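# Residue-level structure breakdown
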Amino acid sequence: MRFLCRARVRTNPSGDRVSIIDEDHNHDILMERQSPIFSYNCRGHLIYKGYAYSCFRRTPTSCIVQWRCTQYHKHKCPARLATKNKNLLNHKGEHNHEATKLKTFVPQIYQ
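On a predicted model such as this, the values are computed, not experimentally measured, just so you know. (Residues numbered from 1 in each chain as written. Predicted model: local features only at pLDDT ≥ 70, side-chain atom pairs only at ≥ 80, totals over all residues. Heavy atoms only, no water.)

## So, the layout of surface pockets
In this structure, the second largest pocket spans a volume of roughly 160 Å³. In this structure, the second largest pocket is lined by Tyr 40, Gly 44, Arg 58, Val 65, Trp 67, Thr 83, Lys 84, Asn 85 and Lys 86. Looking at the lining of the second largest pocket, the elements that each hand over two or more residues are β6 (64–69) and β7 (80–84). Taken together, the residues of the lining of the second largest pocket break down into three nonpolar, three polar and three charged. (1 Å grid on protein atoms, 1.4 Å probe; cavity = no way out; pocket = protein on both sides within 12 Å on 5 of 7 lines; lining within 4 Å. Points joined across faces, edges and corners; volume = space filled by probe spheres on them. Helix = DSSP H or I, 4+ residues; strand = E, 2+ residues; numbered from the N terminus. Nonpolar A, V, L, I, M, F, W, Y, C, P; charged D, E, K, R; others polar.)

## A short note on unusual backbone geometry
Of note, Cys 63 is a non-glycine position whose phi angle comes to about 60°, a positive value. Take Cys 63: it is sitting in the loop between β5 (51–59) and β6. Positive phi, close to 55°, is recorded for Lys 76, a residue that is not glycine. Residue position: Lys 76 is located in the loop between α1 (72–75) and β7. Residue Lys 76 is classed as exposed on the basis of its relative accessible area of 65%. (Buried < 20%, exposed > 50% of the residue type's maximum accessible area, 1.4 Å probe, protein only.)

## Some details on the nonpolar core
In this structure, Phe 38, Leu 46, Tyr 48, Tyr 51, Tyr 53, Val 65, Trp 67, Cys 69, Cys 77, Ala 79 and Leu 81 together form the largest nonpolar core, which totals eleven residues. Of all elements in the fold, only β4 (46–48), β5 and β6 reach the threshold of two or more residues within this core. With three residues, the top contributor of residues to this core is β6. Setting aside its immediate chain neighbours within four residues, Tyr 51 contacts Leu 46, His 95, His 97, Glu 98, Ala 99 and Leu 102. (Core = buried A, V, L, I, M, F, W, Y, C linked by side-chain atoms within 4.5 Å. Contact = heavy atoms within 4.5 Å.)

## Brief notes about the packing of aromatic side chains
By the definition in use, this model includes zero aromatic pairs. A cation sits over an aromatic face here: Arg 68 above Tyr 72, 4.1 Å from the ring centre. (Phe/Tyr/Trp six-rings, centres within 6.5 Å; stacked < 30°, edge-to-face > 60°. Lys NZ or Arg CZ within 6 Å of the ring centre and 35° of its normal.)

Shape descriptors only; they carry no functional weight alone.
Rendered as structure tokens:
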């Protein structure tokens, strides 16, 4: 179903601010958006429960992205995630190291 919605937002070049350009929707809200259970840092790593994961495989036909712990090489950490369309599919393995304090990216919306 395609609505050709006229609402628009714009991000600045660094990607840390979002400006609403036009709020003229021509449709009802389709569903409530849930807050994500994971976020991203400035390097594009996925952050889940305090641990960082880097993308190591993408499957374009099914939109599945495989992620593994960023400490995979240093600590031989077996933890992995799979996402599909920004939704968490599964989580495998346990971390064999402590979580580190990470800065995550949270966009700010300005009108």
